[in-house]
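# Report on the structure
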Amino acid sequence: MTKPNDSRSQETRGYTIGYVAALVLTGAAFAAVRWPSVGTTATLAIVFALALIQMAVHFRFFLHIGLARSARDDLQLILFSAVIIILMVSGTLVILFNLRHRMM
Amino acid sequence: MSADEVKHPGINLGDTRDLSHRDAEHDLFGFWIFLMSDAIIFALLFATYGVMLVGTAGGPTPADTYKILPAFIETLVLLTSSFTFGMASIAMKHDAGKVRLMRWLAVTLVLGLIFLAMELKDFATMIGDGAYPARSGYLSSFFALVPLHGLHVAAGCLWVVVMMVQVAFFGLDERVKVNLLRLGLFWHFLDIVWIAIFSVVYLQGLIR
């Protein structure tokens, strides 16, 4: 059993790590757009990749979603929602871009 | 050791309070389901935005409309408010008194209000520059997506006020603690939605 004070400093450290990581990732994404050094497609890919990493950081350090067995339900619900979101968003984009292409 | 397990999203009260920990598992899972369905609403508005992005109808384009500096400052403000809410959660979990909790909640509230004020000023500038919702399909979808997040933040700010009143009047009983845990999930969730907004809406629009 950890003492309350130990877990307090541990939790404070968790939030601080998450905050610093999120600041670095945000700064990197804005810097990539503000001072572009690669092409537009590559910049967009960098921005989206950084966003995905930052979302994972927020889930891990702010929402305490982990791989522990007892937290699996929450993780599974997130993954299920992610599958639904990917299906609906990519489906919408594919169908409507295809429709526009045909209407041109 | 079992009290140290992570039983629900967000900070776990764990061994500091065993009874509320067990109740919290059910209450917070229900709220988590709501948040995930809220995420799907946002995802579909993002899909609408992506489809409408080229539909500028000869009006302002994303590159004309957005400014990188205010978007960056808003991001920092919201991110910091997520961190201060984390500090509030820790104060709630470990402190006997409620002074520090109230202080961190107040800081979070102020940051939330600063974010809202900056966002409203952005919208006012946009509308003043002729980028109003009815101008084009692109702007309609923008004003459906981004202000909906702002509305969530406004609701979150109101909720922080309600929780401060509850803490002041009822003290830190089990019910108030579970409510604060729910608010924590909501607040951190809004920050995750904002990551998607600044990446997909602002940064994508500003890439040259």
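Conventions adopted
- Residues numbered from 1 in each chain as written.
- Chains lettered and ligands numbered in written order.
- Predicted model: local features only at pLDDT ≥ 70, side-chain atom pairs only at ≥ 80, totals over all residues.
- Heavy atoms only, no water.
- Patch = residues over 30% accessible without salt bridge, like charges linked within 9 Å, V, L, I, M, F, W, Y side chains within 5 Å.
- Areas by Shrake-Rupley, 256 points an atom, 1.4 Å probe, with all protein chains shown as cover.
- Salt bridge = Lys/Arg side-chain N within 4 Å of Asp/Glu carboxyl O.
- Helix = DSSP H or I, 4+ residues; strand = E, 2+ residues; numbered from the N terminus.
- Buried < 20%, exposed > 50% of the residue type's maximum accessible area, 1.4 Å probe, protein only.
- 1 Å grid on protein atoms, 1.4 Å probe; cavity = no way out; pocket = protein on both sides within 12 Å on 5 of 7 lines; lining within 4 Å.
- Points joined across faces, edges and corners; volume = space filled by probe spheres on them.
- Nonpolar A, V, L, I, M, F, W, Y, C, P; charged D, E, K, R; others polar.
- Core = buried A, V, L, I, M, F, W, Y, C linked by side-chain atoms within 4.5 Å.
- Contact = heavy atoms within 4.5 Å.
- UniProt positions renumbered as here; feature names shortened; annotations may be inferred.
- Phe/Tyr/Trp six-rings, centres within 6.5 Å; stacked < 30°, edge-to-face > 60°.
- Lys NZ or Arg CZ within 6 Å of the ring centre and 35° of its normal.
- Polar contact = N/O pair within 3.5 Å; in protein donor to acceptor, adjacent residues only side chain to side chain.
- Domains from an automatic or database assignment.
- Axes fitted to C-alpha atoms, helices over the stretch in contact; angles between N-to-C directions.
- Parallel < 35°, antiparallel > 145°, perpendicular 65-115°, else oblique.
- Left-handed = near helix turned anticlockwise from the far one by under 90°.

What follows concerns a nonpolar patch on the surface. All names here are of chain A. Where nonpolar side chains cluster on the molecular surface, the patch consists of V94, I95, L96, L99 and M103 and spans about 510 Å² of accessible area. Assignment of secondary structure puts L99 in helix α3 (residues 72–103). Exposure remark for L99: the relative accessible area of 42% places this residue in the partly exposed category.

Residues and elements named next belong to chain B. This structure, assessed with the given rule, holds one cavity of 30 Å³ or more. One number sums up the size of the largest cavity: a volume of about 60 Å³. With five residues, helix α6 (residues 174–206) is the largest single contributor of residues to the lining of the largest cavity. Residue composition of the lining of the largest cavity, by class: eight nonpolar, four polar and no charged.

Before going further, it helps to spend a moment on the nonpolar core. One finds B:W32, B:F142, B:V146, B:V201 and B:Y202 to be the most contacted residues of the largest nonpolar core, which totals 86 residues. When residues of this core are traced back to their parent elements, those giving at least two are α1 (4–34), α2 (40–62) and α3 of chain A together with α1 (18–52), α3 (68–94), α4 (99–128), α5 (137–170) and α6 of chain B. Counting residues per element, this core draws most heavily on α6(B), which supplies 21 residues. Beyond its immediate sequence surroundings of up to four residues, B:Y202 is in contact with B:Y66, B:A71, B:F142, B:V146, B:W194 and B:I197.

Residue and element names in this part refer to chain A. The feature "transmembrane region" (unreviewed entry), as given by UniProt, occupies residues 12–35, 41–63 and 75–99 in the numbering adopted here. The straight-line gap between the two end C-alpha atoms of residues 12–35 is 34 Å; of that span, 96% is helix and 0% is strand. Its end C-alpha atoms 36 Å apart, residues 75–99 is made of 100% helix and 0% strand.

Before going further, it helps to examine the packing of aromatic side chains. Enumeration according to the criterion identifies 17 aromatic pairs over all chains in this entry. Geometrically, the ring pair formed by B:W159 and B:F186 is tilted, given 5.5 Å between the ring centres and 50° between the ring planes. Taken together, the residues span a long stretch of sequence, with B:W159 in helix α5 and B:F186 in helix α6 at a distance of 27 residues. Looking at B:W159, the relative accessible area reads 22%, which means it is partly exposed. B:F186 sits in the buried class, given a relative accessible area of 6%. Among the aromatic residues, ring-to-ring pairing joins B:Y66, B:F115, B:F123, B:F142, B:F143, B:W194 and B:Y202 into one connected group. For A:R60, the ring lying beneath its charged end belongs to A:F61, and the centroid distance is 5.5 Å. The ring of B:F170 is capped by B:R175, whose NZ or CZ atom sits 5.5 Å from the centre of that ring.

Turning our eyes to something else, we now look at the UniProt feature "transmembrane region" (unreviewed entry) in chain B. If you check UniProt for "transmembrane region" (unreviewed entry), the listed places come out as residues 28–48, 68–89, 101–118, 138–171 and 183–203 of chain B in our numbering. From the first C-alpha to the last, residues 28–48 of chain B spans 30 Å; its make-up is 100% helix and 0% strand.

What follows concerns the side chain of B:N12. Relative to the assigned elements, B:N12 resides in the segment before α1. A polar contact is formed between the side chain of B:N12 and the backbone oxygen of B:H8, at a distance of 2.9 Å.

Turning our eyes to something else, we now look at the domain arrangement of chain A. By domain assignment, chain A separates into domain 1 (1–64) and domain 2 (68–104). Each of domain 1 of chain A and domain 2 of chain A has a C-alpha centre, and the two are 23 Å apart.

Residues and elements named next belong to chain B. Put simply, α3 and α4 touch, their axes get as near as 8 Å, and they point 160° apart. Between α3 and α4, the angle falls in the class roughly antiparallel. The crossing of α3 and α4 is left-handed.

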